Amino acid sequence: MPLEDKPKEDPPSQQDGAVGGAADDGSTKMDDDTNINTHELDSSGEGEVFKRQRINSPKRPTHNVSPGASPRKHATFEELLAQAGIVTNMALAHEIVVDGNFKLQQSDFPENSIEKQVKEVMHRAFWDSLKGHLEEDPPRYDTAVSLLGEVKEFMFSILLPHHERLRAQIDEAIDLPLIQQQAEQEILDVMHYANFIIGIMSKLCAPVRDEDITKLKEITDVVQLFKEIFRVLELMKLDMLNFTLQSLRPHLQHQSVEYERGKFAEFLQTQQDGLELTRKWLEESAEDLKTKVQQSTPPSTTATASAPSTARPGLVYGPAAILNHGYVGLLKWKETELFPETMTMDKGRIIDLSVQLERAVLLASVLLVTYTNVGAAIAGIQGFPSRLKHHMIVLLEGVKDYSTVMPNIAEEVCKEVNKCLQERQAPVLTPEIQEALKAQVIAVGDKQHSVHQLLDSRAESFIRMIISQPLNFDPTGKLPMGLTTVERQLIELSKQYARLLSHNRAVFGPYYSEIISKIIQPA
């Protein structure tokens, strides 16, 4: 049967070769032998979509750590995990489960690096050698025979177990002893085998690679054709690996909690106190929360562990509240302090979310000051907040110290306001009002500004509410006053954080439960 007449095998993925989608919900409870309300800390786990991977490779340790030894004062948690031989598998499993969009990508050496230059030189030498051998008279086929053997093995590596028929077909068609005989008799048709290989690739590839396959069929130069064949085969192998990860993700969801907890337990066995930073973090969270509850609770109300006290809505003192208060505090973590051991795997994500939160609060503060100062003239104008936010985000991109760009943002605010007023055929701002508005915008960029502090506190309360609710909780309409202009951004980052913390609770819940029980009910 001709190759093109055979039925096409199922491609590895129908999602353009990408891995995506939310993971299945699961539920993992804390140990029942703790003496606090463990159900308050229970949460289901669910994968989350992130646009980029944030796992940082741990630094290579310079000293060994023996079991029971105290950690070096300057050692990071990543270094300690690496010393315990745990970090790679644990980090990979965590990344696959937490990031619903996790997928393997082609790695390459940095531009202009020695490694990249050596690789390019070696590859160029190989393809030049193949080209030279084929152009000799008579042609030399030893390099071509070796190349066909490599392609054959490469194709085998991307076959799935049920591709038995294709495996037999490839093995029969690319018969290396026969190809060697054809080469010795100088009758080897390399292009014939190339076309066969392209036909098999078209059966195996994901839909996203169809265009690449079409381009392969248009190449007439043998050397260039095989270079492209290898390139597309590498992409197909990544597609197959990512398809396998996608298929395994539901299974990994169920297994990852116990796996990560077990790996962390292995790490703890190598340390005298592997939860020192986590304990300090929760103790400070409990103390800070207790102070805030007392400040906002009438004197007649007394808080106990069995009956948590209520202050203003969303602020209570209890096991779950202490943990959630600590989670919210991580979004304002000082760069000079080490992360709690149980949160280190997600440090990069939390830092990203903290930057998003800081930016959202600043945008809301600027918009609130703008509407307050300009008044009804711009109230209800469709698209004005979005345009102004877009311009501010561009100005804030890559800036760590926002105070340096606040004058530019103030200029942009006046420009956008006048533009909207002109579109409505209303008088533009007078120079006096513009200067006053600029001064207000620049001032609100200071985190100590009363408006900035107020919206920041409300944003924290909103996030605390989200992470305290089930993952399917709909926060629409729950946003505090003053933050509606950044509703989409705030809801999105809060949901991302909630999903991230859901998995963290499930994995480290027993440790949190034990620590918090001792904080609330000391011996």
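Residues numbered from 1 in each chain as written. Predicted model: local features only at pLDDT ≥ 70, side-chain atom pairs only at ≥ 80, totals over all residues. Heavy atoms only, no water.

1. A short note on the overall build of the protein chain
Counting its regular elements, the protein chain contains 17 helices and two strands. Counting only residues that meet the buried cut, the protein chain has 46% of its 523 residues in that class. The long-range fraction of contacts in the protein chain, counting pairs at least 24 apart against all pairs at least 6 apart in sequence, stands at 73%. Carbon and sulfur atoms make up 51% of the accessible area of the protein chain, which totals about 27,400 Å². (Helix = DSSP H or I, 4+ residues; strand = E, 2+ residues; numbered from the N terminus. Buried < 20%, exposed > 50% of the residue type's maximum accessible area, 1.4 Å probe, protein only. Contact = heavy atoms within 4.5 Å. Areas by Shrake-Rupley, 256 points an atom, 1.4 Å probe, with all protein chains shown as cover.)

2. What to know about the packing of aromatic side chains
For the structure shown, the criterion picks out 13 aromatic pairs. Summarising the aromatic geometry, the rings of W281 and Y327 are spaced 5.9 Å apart at their centres and angled 50 degrees between planes, so their arrangement reads as tilted. With a gap of 46 residues between them, W281 in helix 10 (residues 276-296) and Y327 in helix 11 (residues 319-330) connect regions that are remote in the sequence. Relative accessible area serves as the criterion here: at 0%, Y327 is assigned to the buried category. Members of the aromatic cluster, connected to one another through ring pairs, are F264, F267, W281, Y327, F508, Y511 and Y512. (Phe/Tyr/Trp six-rings, centres within 6.5 Å; stacked < 30°, edge-to-face > 60°.)

3. Some words on helix 17 (residues 487-520)
An α-helix turns once every 3.6 residues. As a result, residues three or four positions apart point the same way. In this model helix 17 runs just 36 Å from its N-terminal to its C-terminal C-alpha over 34 residues, more than 12% under the 50 Å that 1.5 Å per residue would give. Along its length, helix 17 reaches its greatest deviation from straightness, about 70 degrees, at F508, and the proline P510 lies no more than four positions downstream. Burial of helix 17 is extensive: 28 of the 34 residues sit out of reach of the surface. (Expected span 1.5 Å × (residues − 1). Bend = angle between axes of the 7 residues up to and from the residue.)

4. Here we look at the packing of helix 14 (residues 406-423) against helix 15 (residues 431-444)
Interaxial distance between helix 14 and helix 15 falls to 9 Å at its minimum, and their mutual angle equals 135 degrees. The angle between the axes of helix 14 and helix 15 places the two elements in the oblique class. You can see that helix 14 and helix 15 cross each other, and the crossing is right-handed. Here M406, P407, I409, A410, E411, V413, C414 and N418 of helix 14 lie close against helix 15, whose contacting residues are Q434, L437, K438, V441 and I442. For the contact of helix 14 with helix 15, a count of residues per class yields nine nonpolar, two polar and two charged. (Axes fitted to C-alpha atoms, helices over the stretch in contact; angles between N-to-C directions. Parallel < 35°, antiparallel > 145°, perpendicular 65-115°, else oblique. Left-handed = near helix turned anticlockwise from the far one by under 90°. Nonpolar A, V, L, I, M, F, W, Y, C, P; charged D, E, K, R; others polar.)

5. Overview of the packing of helix 10 against helix 11
Interhelical geometry of helix 10 versus helix 11 gives an angle of 105 degrees and a closest axis separation of 8 Å. By the angle between their axes, helix 10 is roughly perpendicular relative to helix 11. Across from W281, L282, S285, A286, D288, L289 and K292 in helix 10, the residues of helix 11 making contact are A321, I322, L323, H325, G326, Y327 and L330.

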